[in-house]
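# Tertiary structure, described
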Amino acid sequence: MLCAAPSAQRFIAAQPWFASLPAAMQERLREEVFAEQADKGAVMMPAGSAVRGWHAVLSGLVMLQSPTSKGRSSAFIGVPDGEWFGEGSAMKPEPRRYHVVALRHTTLLCLPLPLFATLRETSLAFNQFLVLHLNMRLGQAMTIIEAGRTQSTEHRVALYLSRLFWRSTRRLNLTQEELGQLVGLSRQTVNKVLQSLEGMGIVSLDFGRVAIVDDEALNAYLAATAAH
């Protein structure tokens, strides 16, 4: 569902690159960004669909999921509210390579492709922000690939709780089911690891939600489990 969203305009105006733009471009952004909503489980943007722009999560949580050649699909990354995604797709003239799935009721912002292209061509601040964001996504992707191939289930669950993936908050508002979908493990397996982490004082589990209690202990746990 497409809708005019004051929240989308406020989100754009709060971006670190927005203030440096000419007034005419600021007004164009306010007028042309739009939002769309979907319920839990909906594929908001399927693999193979045309790319309409660069997206951010205004509220909710989405999972970027890569289809495999065997008809199954594997989770790639979760994107919480306040974060951008899809810059790689927006920069290439080809269909989207992954599904964007809502893990809960979600509202997305879309910065249309023509505006995205204009900002890349004219705004140094926008490009600096984009480079930092791409570097962060590259680090996440490389870590996921390495962990999926070589590390234990305990390490993988702990990794998806780290600041590498959740920079803005340590109370994740993430259910065990959602975490399992992101890691690619059953809820039961995730629960077993989380119970162990809670026993070590690393996380707390309130009403099924996960909060990080001790970042240093989490980092030490990641280092220890990576060594096995």
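Structure first, text after, so check above.
We now turn to the structure provided with this report. (Residues numbered from 1 in each chain as written. Predicted model: local features only at pLDDT ≥ 70, side-chain atom pairs only at ≥ 80, totals over all residues. Heavy atoms only, no water.)

Centre-to-centre distance and the angle between the planes together describe a pair of aromatic rings. Applying the stated criterion across every chain yields a total of seven aromatic pairs. Ring plane angle 85° and centroid distance 5.0 Å describe the contact between tryptophan 17 and phenylalanine 126, whose orientation is recorded as edge-to-face. In this pair, tryptophan 17 sits in the loop between α1 (6–13) and α2 (23–32) while phenylalanine 126 sits in helix α5 (residues 124–150), placing the two residues 109 residues apart along the sequence. The two residues tryptophan 17 and phenylalanine 126 agree in class, both being buried. Plain terms: the ring middles of tryptophan 54 and phenylalanine 126 are 5.6 Å apart, the flat faces sit at 85° to each other, and that makes the pair edge-to-face. Of this pair, tryptophan 54 sits in strand β4 (residues 53–59) while phenylalanine 126 sits in helix α5, and the two are 72 residues apart along the sequence. (Phe/Tyr/Trp six-rings, centres within 6.5 Å; stacked < 30°, edge-to-face > 60°. Helix = DSSP H or I, 4+ residues; strand = E, 2+ residues; numbered from the N terminus. Buried < 20%, exposed > 50% of the residue type's maximum accessible area, 1.4 Å probe, protein only.)

This part is about the nonpolar core. Residues Val62, Phe85, Leu161, Leu179 and Leu194 are the most contacted members of the largest nonpolar core, which totals 42 residues. Ignoring sequence-local partners within four residues, the contact set of valine 62 consists of Met44, Val57, Ile77, Gly78, Val79, Phe85, Val100, Val101, Ala102, Leu103, Thr106 and Leu108. Formed by 22 residues, the second largest nonpolar core is a distinct cluster that contains Ala8, Ala56, Leu58 and Leu115. (Core = buried A, V, L, I, M, F, W, Y, C linked by side-chain atoms within 4.5 Å. Contact = heavy atoms within 4.5 Å.)

Relative orientation of the contacting elements α2 and helix α4 (residues 113–122) amounts to 155°, with a least axis distance of 11 Å. Between α2 and α4, the angle falls in the class roughly antiparallel. At the point where α2 passes α4, the crossing takes the left-handed sense. On α4, the residues that touch Met25, Arg28, Leu29 and Glu32 of α2 are Pro114, Leu115, Thr118 and Leu119. The class makeup of the residues in the contact of α2 with α4 is five nonpolar, one polar and two charged. (Axes fitted to C-alpha atoms, helices over the stretch in contact; angles between N-to-C directions. Parallel < 35°, antiparallel > 145°, perpendicular 65-115°, else oblique. Left-handed = near helix turned anticlockwise from the far one by under 90°. Nonpolar A, V, L, I, M, F, W, Y, C, P; charged D, E, K, R; others polar.)

Let us now look at the packing of helix α7 (residues 176–183) against helix α8 (residues 187–199). Axis separation between α7 and α8 bottoms out at 8 Å; the angle between their running directions is 105°. Classified by the angle their axes make, α7 and α8 are roughly perpendicular. Note on element contacts: α8 touches α7 through Arg187, Val190, Asn191 and Leu194, opposite Gln176, Glu177, Leu179 and Gly180. Here the contact of α7 with α8 is built from residues that sort into three nonpolar, three polar and two charged.

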